[in-house]
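Take a look at the letters that make up each chain.
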Amino acid sequence: MSPVKRLRIKKGLSRSELADRVLITPRHLGRVESGEYKSIRLLARLAKELDVPVEKLVG
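The rules behind each value
Residues numbered from 1 in each chain as written. Predicted model: local features only at pLDDT ≥ 70, side-chain atom pairs only at ≥ 80, totals over all residues. Heavy atoms only, no water. Helix = DSSP H or I, 4+ residues; strand = E, 2+ residues; numbered from the N terminus. Buried < 20%, exposed > 50% of the residue type's maximum accessible area, 1.4 Å probe, protein only. Contact = heavy atoms within 4.5 Å. Axes fitted to C-alpha atoms, helices over the stretch in contact; angles between N-to-C directions. Parallel < 35°, antiparallel > 145°, perpendicular 65-115°, else oblique. Nonpolar A, V, L, I, M, F, W, Y, C, P; charged D, E, K, R; others polar. Arc of directions from axis to C-beta.

1. Some words on the environment of Arg8
- Note on placement: Arg8 falls in helix 1 (residues 3-10).
- When its relative accessible area of 7% is taken as the criterion, Arg8 is described as buried.
- As for Arg8 and Leu42, which are separated by 34 residues in sequence, their C-alpha atoms are 15 Å apart.
- If we ignore the near neighbours within four places in the chain, the residues touching Arg8 are Leu13, Ser14, Arg15, Leu18, Leu29, Glu33 and Leu50.

Next up, the structure:
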């Protein structure tokens, strides 16, 4: 399981909720969670929303 997905679940957020918060579609977030797509800008927004350093999302 990807770090983004693990943290999203830990925070009790659905894919749609987190996607809305970072202004992307749930499908796009699914691509991020599956490792298909990585953008440092998007990872920075996700890290801020999940309240973790970006480094926690890469790996």
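2. Examining the packing of helix 3 (residues 26-33) against helix 4 (residues 40-50)
- One way to put it is that helix 3 packs onto helix 4 with a least axis distance of 12 Å and a crossing angle of 100°. By the angle class used here, helix 3 and helix 4 are roughly perpendicular. Contact residues: His28, Leu29 and Val32 in helix 3; Leu42, Leu43 and Leu46 in helix 4.
- Here the contact of helix 3 with helix 4 is composed, by residue class, of five nonpolar, one polar and no charged.

3. Remarks on helix 1
- Pro3, Val4, Leu7 and Arg8 are the residues of helix 1 that are buried. Seen from one end, helix 1 has its buried residues packed into an arc of 130°, which puts them on one side.
- On its buried face, helix 1 is in contact with helix 2 (15-21), helix 3 and helix 4.
- Once helix 1 ends, the next one or two residues include Gly12, with phi positive near 75°.

It is worth stressing that arrangement in space is one thing and function is another; only the former is reported here.
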